[in-house]
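# Per-entry structural report
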Amino acid sequence: MDINHRPEGSPGPDPLWKVITVASIAAGVQFGWALQLSLLTPYVQHLGVPHTWASFIWLCGPISGMIVQPIVGYSSDRLTSRYGRRKPFIATGTALICTAVVFIGFAADIGRRFGDSLDQHTKPRAVAVFVTGFWILDVANNMVQDPTRAFLADLSGDDHRRMRLANGFFSFFMAVGNILGYAAGSFSRLHKLLPFTKTQACDVYCANLKTCFMLDVIFLLSLSIFALITVAEPEFEKSSEHEDPFFKQVKAAFKNLGKPMWLLFLVTALNWIAWFPFLLFDTDWVGKEVFGGEVNGSSEKQGLYNMGVRTGSLGLMLTAATLGAMSLGVDPLSKWLGGARKLWGLVNFVLAAALGFTVLVTKVARRARRTTPLGAPPPHGVKAATLSLFAVMGIPQAVTFSIPFALASIFSSDSGGGHGLSLGVLNLAIVIPQMFVSMISGPLDASFGGGNLPAFVVGAVAAALSGILALTVLPPPSSNT
């Protein structure tokens, strides 16, 4: 059943300003996601959760995404609300994000109020509040991102080039959100903007986290409200009144899109197996392996770890800057190289090389620590190499954030399927690898001494395989301007 059919006589793609306005919502969502990636793994260890178990908390995202995104996508394709198909989900998800960050930011305070002792290494009540907020946040992020991408596909009509351009803008605004989030996370005195955030249960690190999330709420609300008010959804008509059950529709989405979509799922899954170890533990890697710090060590070790986390946040800001620049070049580079799949394949080898480079940086940092005083940061050369590595990661990240989703929208448009459901189903190729990485990375790293390198090496191998498959078996999309 074609559910993305515009009424006869309706114009083609909507004006570009509408696409840009809707795509800007990604900046607000990604601001919070950047804070999650850079600050929450260290924060949960501050609450007393060991590194080995910290990765399991990240299972919240893939489990919720595996359930929520296909349901949200399916429902948003068929919603008959006077407010539109996509807007109610975007608005609800935005409200849930605001609720979730209150739980996360105030977890230590709430835990303290309900009986956690400041002398306890592990604060169980604070951890419970944190996990609850974390789960709500992941559900909410899924409720916003998939309908927003589907909204962009709706605004693009059947114009494949406009779909690629829309996803490029979405990726660009993700970079903007990343820059803001990582910049906020790297500034150690941000809590002074809101002095009340520092409490007996919430130290400077916690207060900075709290302040960052409050700024994110203001930013996300501003962007979402403006987009929802100023951009009207295109009108669509159904070619059939018959509605199949949800799971039958999911099965039909796979069947109707055929072999190209299955191959897209495979390449996407391998790509995300490569990405998740670094996304989850990048700042933890800088704090531990590069700076030689410890979360619960001596004051010198804790100082080194916090310094490393801030340096990692600065590195992630460089990643975001490269991501933003590269996002605007994805479409012309794809044309120059002869297709999006070729660009995707080549940058996956860049990702594999960058993940392998973490081993070299770690070994050089360890060797340098033998000759530096206790509590001293690594030499400038090591820090420069670390930051350069982060900057390079923005190149493959821009492609990962745009090309797979553009291809899914194009395949969906060609088959007459719903953009929301197709993007929701594609999300399974992201959340299943995240579950895999979350389950194996902690035990895998622990079996090799508690560092992050084993998971990074697995990611490098997956990136290389993804690149090979993208170049050899992934079919090119149909041409349509």
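Look up: the structure comes first, before these words.
Since we're looking at a predicted model, the values are computed, not measured.

### Some points on the pattern of salt bridges
For the structure on display, the rule yields four salt bridges. Across the pair Lys 210 and Asp 109 runs a salt bridge, and its minimum N-O distance is 2.5 Å. Here Lys 210 is found in helix H9 (residues 204-230), whereas its partner Asp 109 is found in helix H6 (residues 107-113), with 101 residues between them in sequence. Of the two residues examined, Lys 210 and Asp 109, each falls in the buried class. Between Asp 284 and Lys 288 there is a salt bridge whose closest N-O contact spans 3.6 Å. Placement of both Asp 284 and Lys 288 in helix H10 (residues 246-290) is noted, with a separation of four residues, approximately one turn of the helix.

### A closer look at the packing of aromatic side chains
On inspection of all chains with the given rule, the structure shows nine aromatic pairs. Ring centres of Phe 31 and Phe 219 lie 5.9 Å apart, and the angle between their planes is 50°; this geometry places the pair in the tilted category. Placement of Phe 31 in helix H2 (residues 25-46) and of Phe 219 in helix H9 is noted, with a sequence separation of 188 residues between them. The exposure class of Phe 31 is buried, given its relative accessible area of 6%. Owing to a relative accessible area of 25%, Phe 219 belongs among the partly exposed residues under this scheme. Summarising the aromatic geometry, the rings of Trp 272 and Phe 276 are spaced 5.1 Å apart at their centres and angled 40° between planes, so their arrangement reads as tilted. Of the two residues, Trp 272 and Phe 276 are both situated in helix H10; the distance of four residues between them amounts to about one turn of the helix. Here Phe 276 falls in the buried class, since its relative accessible area comes to 3%. In this structure an aromatic cluster arises from ring pairing among Phe 278, Trp 285, Phe 390 and Phe 456. Positioned above the aromatic ring of Phe 405, the side-chain terminus of Arg 149 is 3.6 Å from the ring centre.

Parameters at a glance
- Residues numbered from 1 in each chain as written.
- Predicted model: local features only at pLDDT ≥ 70, side-chain atom pairs only at ≥ 80, totals over all residues.
- Heavy atoms only, no water.
- Salt bridge = Lys/Arg side-chain N within 4 Å of Asp/Glu carboxyl O.
- Helix = DSSP H or I, 4+ residues; strand = E, 2+ residues; numbered from the N terminus.
- Buried < 20%, exposed > 50% of the residue type's maximum accessible area, 1.4 Å probe, protein only.
- Phe/Tyr/Trp six-rings, centres within 6.5 Å; stacked < 30°, edge-to-face > 60°.
- Lys NZ or Arg CZ within 6 Å of the ring centre and 35° of its normal.

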